[in-house]
Each structure stands twice: as structure tokens, then as C-alpha cells.
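Tertiary structure, described
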Amino acid sequence: MFSVGIDVAKRSHEACVLDASGRMVGQPLKFPSSRSGADRLVSTLQELGSPATIALEASGHYWQGLYHHLVAQGFPVLVANPLQTEAYRSTSVRKVKNDRRDAFVIADFLRIGRVQANYIPGEAVVQLRELTRYRMDMEDQIGDAKRRILTVLDRVFPEYPALFSDAFIASSRALLKEAVSAADFAAFDLGELTRLLQRASRGRMGLEKAQMLQEKARDSLGLAFLGPVARVKIRALLEQIELLERQVQEIEAVV
């Protein structure tokens, strides 16, 4: 039985083969992180003529492609926690750290039976995990865009957010696509503002809310001269939010 340690990196990997007594078999093999490189390793291991068990470190995500390729070729592969191998490495008399030495340490750690394999989830779990993490990232982007909008409003119409249960409900978004500064709302035709609110809220808001908006707008110290800039920024941010929200829905439909 041979023990094979692989030091994983982004562009290339280093493999070291040890026999049962801990002696190195041949020279360490450095091969590119590619299918042809992995096949080169497979051919080398097949030439040994005896079974080989492989161990590699869970280094970032770079180990995953190689792991699945070797498993598909029928090799038993253990994925070690780097903390385990680092602790074993620290017990070595030679503290030199390089790719060749690391591959040897991993192989020797495997040979003495100390590798405690990490849990490797199945493909469905990995897919779900990736989608979930991506969804969380998009939710963070949505939250960031909303905070930026509130920051803009705080300069041009600071009273605005408090006029709604949520500044990003459908009726408020519809308004912000038409006006953003206190000066904009103060100059808005009351009838048109009322109709816009009625349409956007499906009849839940109307004249009373429009009058309240204009009352607060006329009494606001919001910076009117920033209105044109605020409109550009808020409209762009609203478009980003709506795009991200659609993408979140698409992910949820897949999940």
C-alpha cells in the first residue's frame, strides 16, 4: 500500500509517494492544475502496481476539481484539514516549508493513519450551498443599495422615509422614480401626485398622503440644489435593487 500526499495550489500541485516504511518512491511529481496534469498523476500511480491511497489538504477551493477527478478514477481520496497537517508538520525536525516538503508531510501523515477526513458533501448539497451563498450576497447588495438611497434622501428630503412604513414599498418606489428632493415634491401638482399614489398603492393611499408629503416637503430644509444629482443616483440605485430582486427570485425558483 502506497500513501500519496498532494500539496494543492492554484496553478500546479505537488505529489509525493511513500511506501509502507515511509520511504519516498521516486521523485515528487509536480503537475499542472488541469485534466491533463491530473491524468499524468493517475498514470504515475497506476504504474506503482499496488493500491495507493491519496490525501490532500482542503486548500481554498483549488482541491475540489482534482479530488473529484481522482475519485472518478477509482482512487480512495481523503481531504485533510490544514490545521491537522500543520500540527504534524510542526513536530518535524526540519521546519523548511516548501511544496515538496508539504507533499511529503501530507503523505507521511496519511501513512501513519492520522488523517481525519473532512466531510465532503454530495453534488446536490454543493449546488445548494453555492446558490444559498450567492443569494445572501445579493441580499447584502440590495441592503447596501437601500442604505445608499436613504443617505441621499437624508440630504435632499430627510423627512421622507418616516412618511412610509418602509421607504421601499411599491408606492414609495413609484414616487422616487418621479421626485426625490423636498423641492420636487413641493412643486408636484397635487392632483397628479394623488393619482400616482392611488395607482402605486392600489387605492390604499391618495389625497391625504399626497397632502402630507407636500406639507413636509414645504417645511423641509433638504438641499434643493442637489435634486438633479439625487434623482440620477436614486433612479440608478432603484434599478439595481429591482434587478437584484428579480435575480433572487430566479434563484429561489431553482432552489
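Residues numbered from 1 in each chain as written. Predicted model: local features only at pLDDT ≥ 70, side-chain atom pairs only at ≥ 80, totals over all residues. Heavy atoms only, no water.

**Here we look at the sheet that holds strand 4 (residues 52-57)**
The test is simple: What makes two strands pair is DSSP finding at least two bridges between them. Under the scheme used here, helices are H or I runs from DSSP no shorter than 4 residues and strands are E runs no shorter than 2 residues, and both carry numbers assigned from the N terminus. Note on geometry: axes are C-alpha line fits, over the in-contact stretch for helices, and angles between N-to-C directions span 0 to 180 degrees. By definition, residues are in contact when any of their heavy atoms lie within 4.5 Å.
The five strands are arranged 3-2-1-4-5 in an open sheet whose pairing can be described as mixed. Bordering the open sheet on either side are strand 3 (29-32) and strand 5 (77-80), each of which pairs with just one other strand. Neighbouring strand axes in the sheet, compared pairwise and without regard to direction, differ in orientation by 25° on average. Pairing of strand 1 (residues 2-7) with strand 2 (residues 12-18) involves five bridges; the strand directions are antiparallel. Of the residues in strand 2, the one forming a bridge with valine 4 is valine 17. Relative to strand 3, helix 1 (residues 35-46) is tilted by about 150°, and along the sheet it contacts strand 1, strand 2, strand 3 and strand 4.

**Observations concerning the packing of aromatic side chains**
Test applied: Aromatic pairs are defined between Phe, Tyr and Trp rings, using the six-membered ring for Trp, whenever the two ring centres lie within 6.5 Å; interplanar angles under 30 degrees are classed as stacked, those over 60 as edge-to-face, and all others as tilted. Think of it in three bands: residues with accessible area under 20% of the maximum for their type are buried, residues over 50% are exposed, and the middle band is partly exposed, with areas taken using a 1.4 Å probe on protein chains only. Lysine and arginine charges are scored as sitting over a ring when NZ or CZ, respectively, is within 6 Å of the ring centre and within 35 degrees of the ring normal.
Under the counting rule described, the total for this entry stands at six aromatic pairs. Centroid distance phenylalanine 157 to tyrosine 160: 5.8 Å. Interplanar angle 55°. Geometry classified as tilted. Both residues of the pair, phenylalanine 157 and tyrosine 160, belong to the buried class. Members of the aromatic cluster, joined through ring pairs, are Phe157, Tyr160, Phe164 and Phe185. One residue, lysine 209, lies across the ring of phenylalanine 164, its end atom 5.1 Å from the ring centre.

**A look at the packing of helix 8 (residues 190-201) against helix 9 (residues 207-218)**
The description of two helices packed together rests on the angle between their axes and the distance between the axes. Basically, it comes down to this: These descriptions rest on fixed angle ranges, namely under 35 degrees for roughly parallel, over 145 for roughly antiparallel, 65 to 115 for roughly perpendicular, and the rest for oblique. Note on convention: the crossing is left-handed when the near helix lies turned anticlockwise from the far helix by less than a right angle, right-handed when the turn is clockwise. Just so you know the grouping, Ala, Val, Leu, Ile, Met, Phe, Trp, Tyr, Cys and Pro go in nonpolar, Asp, Glu, Lys and Arg go in charged, and all remaining residues, Gly too, go in polar.
Packing of helix 8 against helix 9 brings their axes to within 8 Å, and their N-to-C directions diverge by 125°. Relative to helix 9, the element helix 8 lies oblique. At the point where helix 8 passes helix 9, the crossing takes the right-handed sense. Each of Leu190, Leu193, Thr194 and Leu197 in helix 8 lies in contact with helix 9, whose residues at this interface are Leu207, Lys209, Ala210, Gln211, Leu213 and Gln214. Along the lines of polarity and charge, the residues of the contact of helix 8 with helix 9 split into six nonpolar, three polar and one charged.

**Side note on helix 3 (residues 82-90)**
Convention followed: The reported arc concerns the directions from the helix axis to the C-beta atoms and nothing else.
Of all the residues in helix 3, the buried ones are Gln84, Thr85 and Arg89. The buried residues of helix 3 all sit within an arc of 135° when viewed along its axis, so they share a single face.

**Some details on helix 10 (residues 227-254)**
The α-helix advances 3.6 residues per turn, and as a result positions three or four apart in sequence lie on the same side. Our working definition: Each helix should span, by expectation, one fewer than its residue count multiplied by 1.5 Å.
With 28 residues, helix 10 extends 41 Å between its outermost C-alpha atoms, agreeing within 8% with the 40 Å of an ideal straight helix rising 1.5 Å per residue. Regarding helix 10, the residues found buried are Gly227, Ala230, Ile234, Leu237, Leu238, Ile241, Leu244, Val248 and Ile251.

**What about unusual backbone geometry?**
Positive phi outside glycine occurs at arginine 202, with the angle close to 55°. With respect to the secondary-structure elements, arginine 202 resides in the loop between helix 8 and helix 9.

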